[in-house]
Amino acid sequence: MNAWIVRAGRGGIHAAEWLEGGYVAIYWDLDGADVSALDKEGIKRLYKRKNPDASPQTVASNAGMIYRFAHDIAEGRTVVMYDPSSRLYHIGEVSGGCEFVAGTEEDEGNGSYRRRVRWREAAPRDSLSASAKHSLGSISTLFAVSDDAMRELKAASSGIVPVVDDDESPVEAREATADDGIERIKDKVLKLDWDDMELLAAGVLRSMGYKTSMTRKGSDGGRDIIASPDGLGLESPRIVVEVKHRKGVMGAPALRSFIGGLRSTDSGLYVSTGGFTKEAMYEADRAVMPVKLLDLDQFVRLLVDNYDSADMEMRTILPLVRIYWPA
């Protein structure tokens, strides 16, 4: 199928602007040179001149990706971009040549090379097999998508019955790159029962130095968490936590109800694995007391950052293994 995947920065930081602006981009600083007019050796020389301390391997690798972006991703070709916040692979068609766009003060003057894209469809990550997820998890900024993975992406974007997740060997699982590792952990979190999810959230807070207690079940079947230095909620800071473990996004009414139940001296933490609407985020911003919202991606990254301090209960719910890579 001759499709390419372009990573939207670490953690998909550029995904929203790429979708809204209709493009994909790479962010190497080459003084705005017209890389589409250079052959691979010319790009190597230019990259080396801009990065004199780079190793030969780095020069060859990055120059190769720049060349492919400028020459191989031609108009009419298929490109794929992953957005970790929505867990969607967006599929589009390249509709323009490679052009340099100068940076602004907001992005500290860093320019980018862009290709215009007509975004056409999206495929949920949860509908892909483990082997497809693995093949799409390369750490490279730009790489070719295998025909098998592309067929799964197209099928998933058409709403075809999700592929049953196949088993992975420990070796395959440990070959995951950093960003792909986050996605694999999110896959595991989504499979947790609602009560384990709430216990996991409490475990994350304990790993950050708080003591926690679970309140009684509410009418919606969920349990809130109280986190504080003493574990009783009598000492400050007192954090009241609501956890919603479902696919649907949380809207403004749910946030208003949550905020309305907080004391003036409380801080609020709302975890929603389905994410939040813009209106809900606005409600949190305008609250008189501190209210923090965590979607699935933010929750998992917070979990990973504090996992070294996790207790046995948290590790039992979500066992993780650390992988070291050469510096």
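Refer to the structure presented above.
Presented here is a report on the structure given in the accompanying data block. Fair warning: this is a prediction, and the values are worked out from it, not measured in the lab.

Time to look at the pairing of strand S6 (residues 112–124). Bridging between strand S2 (residues 23–26) and S6 involves 4 bridges; their strand directions are antiparallel. When the sheet's bridge partners are listed, Ile-26 is paired in S6 with Tyr-113. Alignment of strand S5 (residues 99–101) against S6, held across 3 bridges, turns out to be antiparallel. Following the sheet pairing, Glu-99 is matched in S6 by Arg-114.

We now examine unusual backbone geometry. The backbone of Asp-31 shows a phi angle near 60°, a positive value even though the residue is not glycine. Mapped onto the secondary structure, Asp-31 falls in the loop between S2 and helix H2 (40–50). Notably, Arg-87 is not glycine yet its phi reads approximately 55°, a positive angle. Within the element layout of this structure, Arg-87 appears in the loop between strand S3 (78–83) and strand S4 (88–94).

To continue, consider helix H9 (residues 252–260). Listing the buried residues of H9 in full gives Ala-252, Leu-255, Phe-258 and Ile-259. An end-on view of H9 places all buried positions within 125° of arc, on one side of the element. Along H9, exposed side chains directed more than 90 degrees from the buried face belong to Pro-253, Ser-257 and Gly-260. Taken together, the buried residues of H9 touch strand S10 (239–244), strand S11 (267–272), helix H10 (278–286) and strand S12 (291–294).

Time to look at the packing of aromatic side chains. As enumerated under the stated definition, the model contains 4 aromatic pairs in all. On the basis of an interplanar angle of 40° and a centroid distance of 4.4 Å, the ring pair of Tyr-82 and Tyr-89 is categorised as tilted. In this structure Tyr-82 comes out as buried when scored by relative accessible area, which is 12%. Ring geometry for Tyr-270 and Phe-276: centres 5.9 Å apart, planes at 75°, overall edge-to-face. There is no split in this pair, since Tyr-270 and Phe-276 are both buried. An aromatic cluster of at least three residues, connected via ring pairs, comprises Phe-258, Tyr-270 and Phe-276. A cation over an aromatic ring shows up here: Arg-114 above the ring of Tyr-23, its NZ or CZ 4.2 Å from the ring centre.

So, on to the sheet that holds S12. With mixed pairing, the 5 strands of this open sheet are ordered in space as S8-S9-S10-S11-S12. At either end of the open sheet lies a strand with only one pairing partner, and these are strand S8 (211–214) and S12. Pairwise comparison of adjacent strand axes, ignoring direction, gives a mean angle of 20° for this sheet. Where S10 lies against S11, 6 bridges are found, and the strand directions are parallel. Counterpart to Glu-242 in the pairing with S11 is Tyr-270. Across the sheet, H9 is in contact with S10, S11 and S12; its angle to S11 comes to roughly 150°.

Right, let's get into empty space enclosed by the protein. Evaluation of the coordinates by the stated rule reveals 2 cavities of 30 Å³ or more. In this structure, the largest cavity spans a volume of roughly 230 Å³. Considering the residues around the largest cavity, the lining is formed by 19 residues, among which Arg-7, Tyr-82, Leu-136, Asp-179 and Glu-183 are closest to the centre. Of all the elements in the fold, those that place two or more residues in the lining of the largest cavity are strand S1 (3–6) and helix H7 (178–190). For the lining of the largest cavity, the element with the most residues is H7, which contributes 3 residues. Counted by class, the lining of the largest cavity contains 7 nonpolar, 6 polar and 6 charged residues.

What counts, and where the lines are drawn
- Residues numbered from 1 in each chain as written.
- Predicted model: local features only at pLDDT ≥ 70, side-chain atom pairs only at ≥ 80, totals over all residues.
- Heavy atoms only, no water.
- Pairing = 2+ DSSP bridges.
- Helix = DSSP H or I, 4+ residues; strand = E, 2+ residues; numbered from the N terminus.
- Buried < 20%, exposed > 50% of the residue type's maximum accessible area, 1.4 Å probe, protein only.
- Arc of directions from axis to C-beta.
- Contact = heavy atoms within 4.5 Å.
- Phe/Tyr/Trp six-rings, centres within 6.5 Å; stacked < 30°, edge-to-face > 60°.
- Lys NZ or Arg CZ within 6 Å of the ring centre and 35° of its normal.
- Axes fitted to C-alpha atoms, helices over the stretch in contact; angles between N-to-C directions.
- 1 Å grid on protein atoms, 1.4 Å probe; cavity = no way out; pocket = protein on both sides within 12 Å on 5 of 7 lines; lining within 4 Å.
- Points joined across faces, edges and corners; volume = space filled by probe spheres on them.
- Nonpolar A, V, L, I, M, F, W, Y, C, P; charged D, E, K, R; others polar.

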